[in-house]
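Structural overview for review
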Amino acid sequence: MKKIGQCCICGAKNVRLSFEHVPPRAAFNDQRVFETNIQKMLTGEWDGKPQPPQGKWLQAGAGKYTLCEKCNNDTGAWYGSAYVAMARRALELVTWSGGTVSLAYPYQIFPLRVLKQVIAMFCSACGPSLQERFPDIPRFVLDRDQRYIPHDLKVFAYLIDPSKSVGNRQAPMSGVLIKGKQHVFAEIAFAPLGFVLTGDTDPIDFSLLNITHFGHSAFYHRETLFLKLPVLQISTWLPGDFRSKDQVARDVASNEVKGRVDLNVF
Ligand SMILES: [Zn+2]
């Protein structure tokens, strides 16, 4: 299949795009996954129940035609396996603990590579507007040795309990108003790991672990980091919503308005 468009990392226009798995295929993203149009659900076709009303099965795993071949190949070669190692360790911990990880556990990883893979995934999830709005992001991703996330952006991480979650989700930069407080962030949740990218000082959920410091590491530096990632549930398709299935059912029953979501704020 040929697809022509704009690369979501380098911004090149009218180039042949290749299929980018988000997350990498080897990070458990080789099964068919259910993709649905979150915007449709938010314009009235979704009644708040955990399962979306419509969607399609993607046979190749989650992802889209988002990157030019060079960006896809370079980021895959430099960062892909480091991300896969982190995802495998995360799944081991979630499974082993029965979904109740409460201490900091060691991860032997290449922090900078993991972080750059996550940023590359956000480029795909957000579309070309992310690199347009934050022009130093492509440089950070495409220069494998460059350290420190630019633009004061932060990345937060969490673990997903697959046994209590109904699916995976991705949201571009979205504005979420909850209890009078506005949050602007993008989210990628694909078990066993979830990430939030934001310029806000505080993340939407206080328990999320800030991993922005992964950017202080060097490309060849492998470290043992003790990380206390919270274990959260994915029960709805709303970005940043970590309510349990039971809580969602109670909220739907009580008809309570929780807040407001605007997708694609830029
Ligand atoms: Zn590119």
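Refer to the preceding data block for the structure.
Scope of this entry: the structure provided in the associated data block.

Digging into the overall build of the chain
Counting its secondary structure elements, the chain contains six helices and 14 strands. Out of the 266 residues in the chain, the part that is buried amounts to 51%. About 12600 Å² of surface is accessible on the chain, with carbon and sulfur atoms providing 51% of the total.

Brief notes about the environment of Glu187
Take Glu187: it is sitting in strand β9 (residues 181-190). Between the C-alpha atoms of Glu187 and Phe122, which are 65 residues apart in sequence, the distance is 7.8 Å. Apart from residues lying up to four places away in sequence, Glu187 is in contact with Phe122, Tyr158, Arg169, Gln170, Ala171, Phe195, Val196, Leu238, Pro239, Gly240 and Phe242.

Here's the deal with the packing of aromatic side chains
Within this structure, the stated rule accounts for six aromatic pairs. Ring centres 5.3 Å apart and planes at 75° place the aromatic pair Phe19 and Tyr65 in the edge-to-face group. Taken together, the residues span a long stretch of sequence, with Phe19 in strand β2 (residues 15-21) and Tyr65 in strand β5 (residues 63-68) at a distance of 46 residues. Since its relative accessible area comes to 24%, Phe19 is described here as partly exposed. When its relative accessible area of 24% is taken as the criterion, Tyr65 is described as partly exposed. Measuring from centroid to centroid gives 4.9 Å for Tyr158 and Phe242, while their planes differ by 70°, and the two rings are edge-to-face. With Tyr158 in strand β7 (residues 154-160) and Phe242 in the loop between β13 (231-232) and α6 (245-254), this pair connects stretches of sequence that are 84 residues apart. Per residue, the accessibility class of Tyr158 equals that of Phe242, and both read buried. The side chain of Arg113 reaches across the aromatic face of Phe110, ending 3.9 Å from its centre. The ring centre of Phe219 lies 4.0 Å from the NZ or CZ of Arg113, which sits over that ring.

Observations concerning the coordination of the zinc ion
Taken together, the protein ligands of the zinc ion are Cys7 (SG), Cys10 (SG), Cys68 (SG) and Cys71 (SG), with distances of 2.3 to 2.4 Å. Considering all four donor atoms around the zinc ion, angles at the metal cover 104 to 116° and the coordination shape is tetrahedral.

Digging into the side chain of Thr236
If you trace the backbone, Thr236 turns up in the loop between β13 and α6. One polar contact links the side chain of Thr236 to the main-chain amide nitrogen of Leu238, over a distance of 3.1 Å. Within polar-contact distance, the side chain of Thr236 engages the side chain of Asp241 at 2.8 Å.

Brief notes about the pairing of β9
Consecutive side chains along a regular strand alternate between the two faces of the sheet. The element β9 is largely enclosed, with a buried count of seven among its 10 residues. Strand direction decides the pairing type here: strand β8 (residues 169-178) and β9, joined by eight bridges, are antiparallel. In the strand pairing of β9, Arg169 is matched with Ala189. Counted between consecutive antiparallel strands, the loop separating β8 from β9 contains two residues, among which Lys179 sits at a positive phi close to 50°. As judged from the six bridges shared by β9 and strand β10 (residues 193-198), these two strands associate in the antiparallel manner. Looking at β10, one finds that Phe185 is bridged to Thr198. Between β9 and β10, which pair antiparallel one after the other, the connecting turn spans two residues.

Focus: unusual backbone geometry
Cis geometry is adopted by the peptide bond preceding Pro23, which originates at Val22 and carries an omega value of -5°. Tracing the chain through its elements places Pro23 in the loop between β2 and β3 (33-35). With an omega dihedral of 10°, the bond running from Ala191 to Pro192 counts as a cis peptide bond. In this fold, Pro192 is placed in the loop between β9 and β10. Residue Tyr148 is not a glycine yet carries a positive backbone phi of 70°. When its relative accessible area of 46% is taken as the criterion, Tyr148 is described as partly exposed. Despite not being glycine, His151 has its phi angle at roughly 65°, a positive value.

Reading the values: rules and limits
Residues numbered from 1 in each chain as written. Predicted model: local features only at pLDDT ≥ 70, side-chain atom pairs only at ≥ 80, totals over all residues. Heavy atoms only, no water. Helix = DSSP H or I, 4+ residues; strand = E, 2+ residues; numbered from the N terminus. Buried < 20%, exposed > 50% of the residue type's maximum accessible area, 1.4 Å probe, protein only. Areas by Shrake-Rupley, 256 points an atom, 1.4 Å probe, with all protein chains shown as cover. Contact = heavy atoms within 4.5 Å. Phe/Tyr/Trp six-rings, centres within 6.5 Å; stacked < 30°, edge-to-face > 60°. Lys NZ or Arg CZ within 6 Å of the ring centre and 35° of its normal. Donors = N, O, S within 2.8 Å, 3.2 Å for Na, K, Ca; no water. Tetrahedral: all angles 85-135°; square planar, octahedral: opposite > 155°, others 65-115°. Polar contact = N/O pair within 3.5 Å; in protein donor to acceptor, adjacent residues only side chain to side chain. Pairing = 2+ DSSP bridges.

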